[in-house]
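Below are the chains, spelled out letter by letter.
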Amino acid sequence: MSAPARDSQNDWNSRILLAEQILPLLSRLHREHNVVTSIFGRLLINVTSVDVIKSHRYARLVTDRELPLSATLPILQELVEMNLGTASIDLGRLATGYAAEVEAAGESAGSLRAYLERELADVVGAHSEKEPTDVVLYGFGRIGRLLARILIAREAAYGGVRLRAIVVRRNGDEDLEKRASLLRRDSVHGAFDGTITVDNENEIIWANGTPIQVIYSNDPAQVDYTAYGIDNAVLVDNTGRWRDREGLSQHLAATGIRKVLLTAPGKGDVRNLVYGINHGDITDDGSDDILSAASCTTNAITPVLKVLNDRYGINHGHVETVHSFTNDQNLIDNFHKGDRRGRAAGLNMVLTETGAAKAVAKALPELEGRLTGNAIRVPTPDVSMAVLNLTLDTPTTRDEVNDYLHKVALHSDLRQQIDYIKSPEVVSTDFVGSTHAGIVDGLATIADGNNLVVYVWYDNEYGYSNQVIRIVEDIAGARPQVFPRRVSPSELF
């Protein structure tokens, strides 16, 4: 073996040794303090030594240099000895922040422990004994099952919300087994990460030790959730059967439900929310007992439009979505009440309409009347794209826009909503499982003075489902605090 090869091997082995020291510290932080850690947003949950190394390499996208494992190990060693409350802590930002402080102050710089106590002052000793909020899923289709997967994982990570039940209509004697099997296996998103068993006698699906009560009902108003030990719950309606206040109010007539969240655009006076944009508008005066999480497309484009409008001003724009086919289309040609959607979804591009452009104004009133939109359904099962063709008030360049959107994706409080990628080989399947609302494709950006075209990928199933869960946790008062605190996009220009 040549000397460079031996050096490379030795370097890898030394990283593995450091990663193996880091893993039990991550576990202790989570088990003893309910603290979840990340490296510039890449969560370190149920990770291997190789995952830890890859997360540190990811830092190059933020700092232009790889983050040494030797920089995060002492931070973790200090954190496990501190009296921390529930939080999400970014080790990458702490490590680079302390390094910058040491470089600037030299020998007069304070100790690492003093730096951490200052940066994490709001979470030291901030323990909460609050009981988790019950969550009920009404409907168990594509979105419902993904919400169940995320809720089970989030309960294990943070404990703020817990999935208690799903409500469905019974479809035959094998209904429970089939629903459990669909939760276990997914053609797009892969196998469930864990174990699933079925208790037929009590009509319960057990998922990673979480009992999910299956309630069979055709009438939402007649369900007594307290009979199953469920009370003051947030109910997420995934059926799309009712989209106005009158229809969705049936859920509030049931005993044990406190709030209702619709996973489709709401009609009438139902508030449409895009987490990260207008979730702070939720009131406690009773008028927001029924809410909507808008649509997957609205969630994908609204954050990007928000930051572009804040910096450059949007005079007018057109949104064209290239959207994967969905269950409301026919597999083969047949009658459909919607125009063109009756044609075979797996064989055709289908021109249709989308209300997403108009729906943006419900979250961003300043864009009222400035956007038009249309959609093309294409023969892919998941991941879609929105093309934002915008006329700006302020001229810009491609590099300037990309640099700004990249900084927003890395450093701002919209980091969970906006991601950024600049790779010549990415295609739609690369974004299956993305937790972001939308991902800006930097190589596709076109800018010519006041004219701008931005391409935004989005996992219209999983990315949207994560946005829904963020609203559920916000309603429950269970969103984890993030440290160090992120800045608003406006502070980046």
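Since the structure is predicted, the reported quantities are computational estimates derived from the model, not experimental observations.

1. As for the overall build of the chain
- Across its full length, the chain carries 13 helices and 20 strands.
- For 493 residues, the compact-globule formula gives about 23 Å, and the C-alpha radius of gyration of the chain, at 24 Å, lands near that figure.
- Along the three orthogonal principal directions, the C-alpha set of the chain runs to about 70 × 60 × 55 Å.
- At a minimum sequence separation of 6, the contacts of the chain that also span at least 24 residues come to 72%.

2. What about the sheet that holds strand β1 (residues 35–39)?
- The 4 strands lie next to each other as β2-β1-β3-β20, forming an open sheet whose pairing is mixed. Pairing within the sheet leaves two strands with one partner each, and these edge strands are β2 (42–43) and β20 (482–483).
- Across the face of the sheet, helix α5 (residues 91–105) comes into contact with β1 and β3 (87–90) while running at roughly 50 degrees to β3.

3. Notes on the UniProt feature "domain: Glyceraldehyde 3-phosphate dehydrogenase NAD(P) binding" (unreviewed entry) in the chain
- The feature "domain: Glyceraldehyde 3-phosphate dehydrogenase NAD(P) binding" (unreviewed entry), as given by UniProt, occupies residues 133–296 in the numbering adopted here.
- The distance from the first to the last C-alpha atom of residues 133–296 is 25 Å, and the span holds 22% helix and 27% strand.

4. Details of the pattern of salt bridges
- The tally for this structure, following the rule as stated, stands at 27 salt bridges.
- Among the ionic pairs, R118 bridges to E101, the shortest N-O distance being 2.5 Å. With R118 in helix α6 (residues 112–119) and E101 in helix α5, this pair connects stretches of sequence that are 17 residues apart.
- The class of R118 is partly exposed, set by a relative accessible area of 47%.
- Where E461 meets R142, a salt bridge forms, and the shortest distance between an N and an O atom there is 2.9 Å. Here E461 is found in the loop between β19 (446–458) and α13 (462–475), whereas its partner R142 is found in helix α7 (residues 142–157), with 319 residues between them in sequence.
- For E461, a relative accessible area of 8% corresponds to the buried category.
- On the accessibility criterion, R142 (24% relative accessible area) is partly exposed.
- Among the charged side chains, a salt-bridge network with shared partners connects D11, R15, R57 and E66.

5. A few points about the layout of surface pockets
- Reported here for the second largest pocket is a volume of approximately 1,500 Å³.
- Taken together, 47 residues make up the lining of the second largest pocket; nearest its centre are T263, C296, T326, D328 and R377.
- Listing elements by their share of the lining of the second largest pocket, those giving two or more residues are α7, α10 (296–312), β13 (314–324), α11 (356–363) and β15 (371–378).
- For the lining of the second largest pocket, the class distribution of residues is 15 nonpolar, 22 polar and 10 charged.

6. Some points on the sheet that holds β15
- Taken together, the 7 strands give an open sheet; going across it, the order is β14-β15-β13-β16-β19-β18-β17, and neighbouring strands pair in mixed fashion. Every interior strand has two partners, whereas the edge strands, β14 (350–352) and β17 (418–421), have only one. Strand-to-strand twist across the sheet, computed as the mean angle between neighbouring axes with direction ignored, equals 25 degrees.
- Here β13 pairs with strand β16 (residues 384–396) via 8 bridges, running antiparallel.

7. Overview of the packing of aromatic side chains
- Within this structure, the stated rule accounts for 5 aromatic pairs.
- When the centroid spacing of 6.1 Å and the interplanar angle of 55 degrees are considered together, the rings of Y138 and W242 count as tilted. Here the residue Y138 occupies a position in strand β4 (residues 133–138), and W242 occupies one in the loop between β9 (233–237) and α9 (245–253), the gap between them amounting to 104 residues. Assigned by exposure class, Y138 and W242 land together as buried.
- Here F431 and W457 contribute two aromatic rings whose centre-to-centre distance is 5.0 Å and whose plane-to-plane angle is 25 degrees, an arrangement assigned as stacked. With F431 in the loop between β17 and β18 (438–441) and W457 in strand β19, this residue pair connects regions lying 26 residues apart in the sequence.

About the cut-offs
Residues numbered from 1 in each chain as written. Predicted model: local features only at pLDDT ≥ 70, side-chain atom pairs only at ≥ 80, totals over all residues. Heavy atoms only, no water. Helix = DSSP H or I, 4+ residues; strand = E, 2+ residues; numbered from the N terminus. Rg over C-alpha atoms; globule rule 2.2 N^0.38 Å. Contact = heavy atoms within 4.5 Å. Pairing = 2+ DSSP bridges. Axes fitted to C-alpha atoms, helices over the stretch in contact; angles between N-to-C directions. UniProt positions renumbered as here; feature names shortened; annotations may be inferred. Salt bridge = Lys/Arg side-chain N within 4 Å of Asp/Glu carboxyl O. Buried < 20%, exposed > 50% of the residue type's maximum accessible area, 1.4 Å probe, protein only. 1 Å grid on protein atoms, 1.4 Å probe; cavity = no way out; pocket = protein on both sides within 12 Å on 5 of 7 lines; lining within 4 Å. Points joined across faces, edges and corners; volume = space filled by probe spheres on them. Nonpolar A, V, L, I, M, F, W, Y, C, P; charged D, E, K, R; others polar. Phe/Tyr/Trp six-rings, centres within 6.5 Å; stacked < 30°, edge-to-face > 60°.

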